[in-house]
Amino acid sequence: MLIGGLGYLKAAHDRGKQNFLETLFRYPLVGFYVITGSELLEKGFKNFLKNKKGYKEIIDNNLNVKKFSELSEIAQRLAKENKTDINNEFKALVGKKAIIGAVPFAFSIAVMGLFVAGVSRFFTQYRYNKEQKEKERNFSGNFMTFDNFQKSLNTK
């Protein structure tokens, strides 16, 4: 990640100072999330769920989630204990297993993805506004009106 990041920063530097600063701002945040943040979020979410009703059966004390192949055995045991239908128990377990994986994934897509997109949008708008002001300043200073043109002809 470090070597790739150095290449990424060098490429951003080649595109200009502002682009380099944008990349320098985003890279540590995204890098931290990719390296440790997503795992911390997933473990924290599993730790939150493991004591909730229905999740005790599929999350052990080490925060490992049961495999799909183990869910049928758990569904049979729960159906006997609760005197319910095995299919309903199995569907509930599959749904809970999906939640365990989907919520951290959705967070990473929604929050981190939208954050990076929002930061990129902000900096792009900033660059655009800055370039527009520069163009206006250059255009108005170099623009020759008809009156100025006539004056320049008469001064000879």
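Definitions and limits used
Residues numbered from 1 in each chain as written. Predicted model: local features only at pLDDT ≥ 70, side-chain atom pairs only at ≥ 80, totals over all residues. Heavy atoms only, no water. Helix = DSSP H or I, 4+ residues; strand = E, 2+ residues; numbered from the N terminus. Buried < 20%, exposed > 50% of the residue type's maximum accessible area, 1.4 Å probe, protein only. Contact = heavy atoms within 4.5 Å. Areas by Shrake-Rupley, 256 points an atom, 1.4 Å probe, with all protein chains shown as cover. Patch = residues over 30% accessible without salt bridge, like charges linked within 9 Å, V, L, I, M, F, W, Y side chains within 5 Å. Salt bridge = Lys/Arg side-chain N within 4 Å of Asp/Glu carboxyl O. pLDDT = per-residue confidence, 0-100. Lys, Arg positive; Asp, Glu negative; His and termini not counted. Polar contact = N/O pair within 3.5 Å; in protein donor to acceptor, adjacent residues only side chain to side chain. Core = buried A, V, L, I, M, F, W, Y, C linked by side-chain atoms within 4.5 Å. Phe/Tyr/Trp six-rings, centres within 6.5 Å; stacked < 30°, edge-to-face > 60°. Lys NZ or Arg CZ within 6 Å of the ring centre and 35° of its normal.

Attention now moves to the overall build of the protein. Within the protein one finds 5 helices and 0 strands. By the burial criterion, 22% of the 156 residues in the protein qualify as buried. Relative to all contacts within the protein whose residues are 6 or more apart in sequence, the contacts with residues 24 or more apart total 49%. Of the accessible surface of the protein, which amounts to about 11,700 Å², a share of 61% is contributed by carbon and sulfur atoms.

Where nonpolar side chains cluster on the molecular surface, the patch consists of Phe-25, Leu-29 and Phe-115 and spans about 250 Å² of accessible area. Tracing the sequence through the fold places Phe-115 in helix α4 (residues 86-142).

Before going further, it helps to spend a moment on the environment of Ser-38. As for its position among the elements, Ser-38 is in helix α2 (residues 17-49). Measuring from C-alpha to C-alpha, the distance between Ser-38 and Phe-105 comes to 8.5 Å, with 67 residues separating the pair along the chain.

Right, let's talk about the environment of Pro-104 for a bit. Mapped onto the secondary structure, Pro-104 falls in helix α4. Looking at Pro-104, the relative accessible area reads 8%, which means it is buried. Sequence separation between Pro-104 and Lys-46 is 58 residues; the distance between their C-alpha atoms is 9.7 Å. Not counting chain neighbours up to four residues away, the residues in contact with Pro-104 comprise Tyr-33, Leu-41, Glu-42, Phe-45 and Ile-99.

Of the residues in the protein, 84% have a pLDDT of 70 or more, and the chain-wide mean is 81. Within the protein, no element has a lower average pLDDT than helix α1 (residues 2-14), which sits at 65, and none a higher one than helix α3 (residues 68-82), at 90.

With respect to the element layout, Glu-89 can be found in helix α4. Put simply, Glu-89 is tucked away with no salt bridge, and the nearest opposite charge, on Lys-96, sits 6.5 Å away. A polar contact of 3.4 Å, which involves the side chain of Glu-89, links it to the side chain of Asn-82. Non-local contacts of Glu-89, meaning those with residues more than four positions away in its chain, are made with Ala-75, Leu-78, Ala-79, Asn-82 and Thr-84.

Bringing the nonpolar core into the picture now. Phe-45, Leu-49, Tyr-55, Ile-58, Ile-59, Leu-63, Leu-71, Ile-74, Ala-75, Leu-78, Leu-93 and Ile-100 form the largest nonpolar core, which has 12 residues in total. Those elements that provide at least two residues to this core are α2, α3 and α4. Sequence-distant contacts of Leu-93, defined by excluding residues within four places in its chain, comprise Gly-54, Ile-58, Leu-71, Ile-74, Ala-75 and Leu-78.

It is worth spelling out the packing of aromatic side chains at this point. When we look at a pair of aromatic rings, we describe it by the centre distance and by the angle of the planes. For the structure shown, the criterion picks out 1 aromatic pair. Judged by centre distance (5.4 Å) and plane angle (65 degrees), the ring pair of Phe-122 and Phe-123 falls under edge-to-face. Owing to a relative accessible area of 16%, Phe-123 belongs among the buried residues under this scheme. Cation over ring: Lys-96 sits above Tyr-55, and NZ or CZ is 5.7 Å from the ring centre. Taking NZ or CZ as reference, Lys-97 lies 5.1 Å from the ring centre of Phe-68, over its face.

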